[in-house]
Structure formats: C-alpha cells, structure tokens
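Listed here are the chains, written in short residue letters.
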Amino acid sequence: MLTAMVTPFTDDGALDLDGAQKLASHLVDAGNDGLVVSGTTGESPTTTGEEDGRLLAAVLEAVGDRATVVAGVGTNDTRHSVELAQAATAIGAHGLLLVTPYYSKPPQAGIIGHVDAVIAAAGDVPVMLYDIPGRTGTELSRETYLAMNDRPTVTAVKDAVGDLHRGAWILDNTDLALYSGDDVLNLGWLAVGAAGVVSVVGHVAAAQYKAMVEAVDAGDLATARRIDRDLIGLVAALMGQTQGAIAAKAAVHELGLISSPRVRLPLSQATDQQVAVIRAAIKDYSA
C-alpha cells in the first residue's frame, strides 16, 4: 500500500517541508507501507530539481526508517531524468518511479533507451515504471515489457492503462510486480494479481486499502468487495471531479493535515462546490 503524496505548499506557493514531514508521518501512521514523492500527484512538473531533493530528504528523515520512499524522476527529457535519478539515489531514495516520457511520444526504442539511461544512473536502486498513456500519449508495448524484464533493477510497474487483460499478460510473461495506478480499479487489479496499489485516495483511506490488499491475499474476496463498495463515494469525490492532486490537497486540508490547499499553476484551486463534495464524502465515509 503506497500513496502518491501531494507536495504541501504555503499560501504563497513555497515548498512547505515541515508540512511534508507531518503529512508523511500521518500517512505512514495511517497504514501506508510506502510513499511516492515528486510524482504527478506531487505536482512534479512544477517543482525544481532542487525542491525535489529537499522534499525527498525531508520525507526520508520523517519516515524513511519505517516506510519505503519512492522518488519520482520521470520527465520527457532523458538528461533531466538522469540528473533527478542521480540526485535521488545520492539522497537515499529506496526506489524510483519512472513515467513514460510524455508529449513527445517517442517510439518504443526511444523509451527503452530512456529507461536504460536512468537505470544506469540509479545503480542498484530499484525502478518502478509508470505506464499511463492517457497522460503521456504513449503506451508501453508488450515487446518493451519483455525487454524491461531483462533489466534486473526494473522490478515493478504502476499500471494506469485500465486494461486488466493486458495486465494479466504482463504478469504471465514477466517477473515485474504490477501495482494498480488507478483507484477506480484497485480491486480489479488486485484480483488479477497485482502486488499492491499506488493510490491517491490513500491520503484518506490508507488503512482501508491496506485491508483490501490483505483480504485479497488471504482469498477473502467478500471482505475486499465490501471495502471497495464502502469507498465508492470517496473515490468518486477525489477522482471524479478534477485532477487528483487538486482533490487530494483539498481533502487533506479539510482533515487539517496541511496548512494550505495551494496548488501551482497550471493547476487551479478546487472550487467551493468541489470542496463541498469532498467534505461530504469524507463525512459520509467516516460516519
């Protein structure tokens, strides 16, 4: 159970490291086995490499002795991703999350070359690929997955393609651990054989998702289905209204876990109506 953690900012948009440490500690206390920092939910397109390094160091200091801390290093510039990977490994990241290069829509050979450059820079630090064609414009091919299976430090994939049959093929033909990257499909992915989830809704429901993972592992699908159904309203409120980083920040701010719900442009603040829906969903779920 991992949560893709939001990056707390102050009201004026500066990095809030104290807030990040407090939030990370809360999330691990709540049931997360690990955290992803500087991912898309952490607004990585708008943070500098220097900010990413300070954030990673702060989170490692807060929870690195009791949770896995994964650093997002994916960009659409291989040189920049290599620099981020080198910095993250030097700071002490336990793993790296590497999204497929976005917008430029490289051919599969370019993607493989991109991954190879990053893993060479990362040394023995394990890498989780992130396959999300709805954002990147490019889906990893089956041939690319087979090639990645030959890279010992590429150990996992966060799958947000939404194709359970394709995911089953990956599990059947590679040794990669598959993680759900889509909260709407968490139960489906776990039933297919996913190792776990990388969640946004985990900001609010880490214990419940952890219990879902454990229930599926134990073969208790009745309990897993009950948890999934209990979470329907919360998932809809956080994932069905606006971008996940916006909604997650609004949610943890409502819970008093961060001092400001501020996001950086081009993201915009949650509207009053969206916050009201999130507030109601949290209240209903907690009742």
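Just so it is clear, the model here is predicted, and its values are computed rather than measured. (Residues numbered from 1 in each chain as written. Predicted model: local features only at pLDDT ≥ 70, side-chain atom pairs only at ≥ 80, totals over all residues. Heavy atoms only, no water.)

Visitor: I keep staring at helix α12 (residues 244-254) and nothing clicks. Help me out?
Guide: Among the 11 residues that make up α12, 9 are buried, leaving the element largely enclosed by the rest of the structure. Where α12 is buried, its residues contact α1 (17-29), α9 (202-217), α11 (232-239) and α13 (272-286). Capping the start of α12 is the job of one residue whose side-chain oxygen sits 2.6 Å from the backbone nitrogen of Ala-245: Gln-243. In the stretch just after α12, Gly-256 is the one whose phi turns positive, near 75°. (Buried < 20%, exposed > 50% of the residue type's maximum accessible area, 1.4 Å probe, protein only. Helix = DSSP H or I, 4+ residues; strand = E, 2+ residues; numbered from the N terminus. Contact = heavy atoms within 4.5 Å. Polar contact = N/O pair within 3.5 Å; in protein donor to acceptor, adjacent residues only side chain to side chain.)

Visitor: Could you clarify how one ought to interpret the nonpolar core in this entry?
Guide: Proteins that are soluble and globular tend to have nonpolar side chains buried together. Membership of the largest hydrophobic core comes to 83 residues, with the highest contact counts inside it found for Met-5, Val-59, Val-63 and Leu-96. Not counting residues within four places of it along the chain, the set of residues in contact with Val-63 comprises Ala-24, Ser-25, Val-28, Leu-35 and Val-69. Listed in part, the 13 residues of the second largest apolar core include Val-70, Tyr-130, Ile-132 and Tyr-179. (Core = buried A, V, L, I, M, F, W, Y, C linked by side-chain atoms within 4.5 Å.)

Visitor: What should I look at first to understand the side chain of Gln-274 in this one?
Guide: Here Gln-274 shows up in helix α13. Among the polar contacts listed, one links the side chain of Gln-274 to the backbone nitrogen of Thr-271, at a separation of 2.9 Å. Non-local contacts of Gln-274, meaning those with residues more than four positions away in its chain, are made with Gln-241 and Thr-242.

Visitor: Teacher, can you tell me more about the environment of Leu-231 here?
Guide: Along the chain, Leu-231 turns up in the loop between α10 (221-230) and α11. Along the sequence, Leu-231 and Val-184 sit 47 residues apart, while their C-alpha atoms lie 9.5 Å from each other. Filtering out sequence-adjacent residues up to four positions away, Leu-231 remains in contact with Ala-205, Gln-208, Tyr-209, Met-212 and Tyr-285.

Visitor: Can you help me understand the layout of surface pockets in this one?
Guide: One simple way to see leftover space: roll a probe sized like a water molecule over the atoms. What the largest pocket holds in volume is close to 770 Å³. Around the largest pocket, the lining is made up of 40 residues, and of these Gly-39, Thr-40, Thr-41, Arg-135 and Gln-243 lie nearest the centre. Breaking the lining of the largest pocket down by element, the ones donating at least two residues are α3 (78-91), β4 (95-99), α5 (133-136), β8 (196-199) and α12. Tallied by class, the residues present in the lining of the largest pocket amount to 17 nonpolar, 16 polar and 7 charged. In this structure, the second largest pocket spans a volume of roughly 180 Å³. Lining the second largest pocket are 15 residues, and of these Thr-68, Val-70, Met-128, Thr-155 and Tyr-179 lie nearest its centre. (1 Å grid on protein atoms, 1.4 Å probe; cavity = no way out; pocket = protein on both sides within 12 Å on 5 of 7 lines; lining within 4 Å. Points joined across faces, edges and corners; volume = space filled by probe spheres on them. Nonpolar A, V, L, I, M, F, W, Y, C, P; charged D, E, K, R; others polar.)

Visitor: Sorry, what's going on with empty space enclosed by the protein here?
Guide: Taken as a whole, this structure holds 2 cavities of 30 Å³ or more when the rule is applied. Size it by volume and the largest cavity reaches roughly 80 Å³. For the largest cavity, the lining is made up of 13 residues, of which Asp-52, Gly-53, Leu-56, Leu-84 and Ala-88 are closest to its centre. Elements with a contribution of two residues or more to the lining of the largest cavity: α2 (49-63), β3 (68-72) and α3. Among the residues making up the lining of the largest cavity, the classes are represented as 8 nonpolar, 4 polar and 1 charged.

Visitor: Is there a simple way to explain α11 in this structure?
Guide: Two residues of an α-helix separated by three or four positions point the same way, owing to the 3.6 residues in each turn. All buried positions along α11 are accounted for by Leu-234, Val-235, Ala-237 and Leu-238. Here the buried residues of α11 occupy an arc of 165° about the axis, which is enough to place them on one side. Contact partners of the buried residues in α11: α9, α12 and α13. (Arc of directions from axis to C-beta.)

Visitor: Teacher, can you tell me more about unusual backbone geometry here?
Guide: What is expected of a backbone is that most residues other than glycine have negative phi and most peptide bonds are trans. In the segment running from Leu-265 into Pro-266, the intervening peptide bond is cis, with an omega of 15°. Within the fold, Pro-266 resides in the loop between α12 and α13. Unlike most non-glycine residues, Ser-38 shows phi in positive territory, near 60°. Within the element layout of this structure, Ser-38 appears in the loop between β2 (34-37) and α2. Residue Lys-105 is not a glycine yet carries a positive backbone phi of 50°.

Visitor: It is not clear to me how the UniProt feature "binding site: pyruvate" (unreviewed entry) in the protein should be interpreted in this structure. Could you clarify?
Guide: On the UniProt side, "binding site: pyruvate" (unreviewed entry) is annotated at positions that read Thr-41 and Val-198 here. Sequence-wise these annotated residues cover 158 residues; spatially they are packed, their C-alpha atoms never more than 10.8 Å apart. Considered against the largest pocket, the annotated residues that line it turn out to be Thr-41 and Val-198. Turning to its location among the elements, Thr-41 is positioned in the loop between β2 and α2. What makes Thr-41 buried here is its relative accessible area of 10%. In this structure, Thr-41 is in contact with Ala-4, Met-5, Val-6, Thr-7, Val-200, His-203 and Ala-245, ignoring residues within four places of it in sequence. Within the secondary structure, Val-198 is located in strand β8. (UniProt positions renumbered as here; feature names shortened; annotations may be inferred.)

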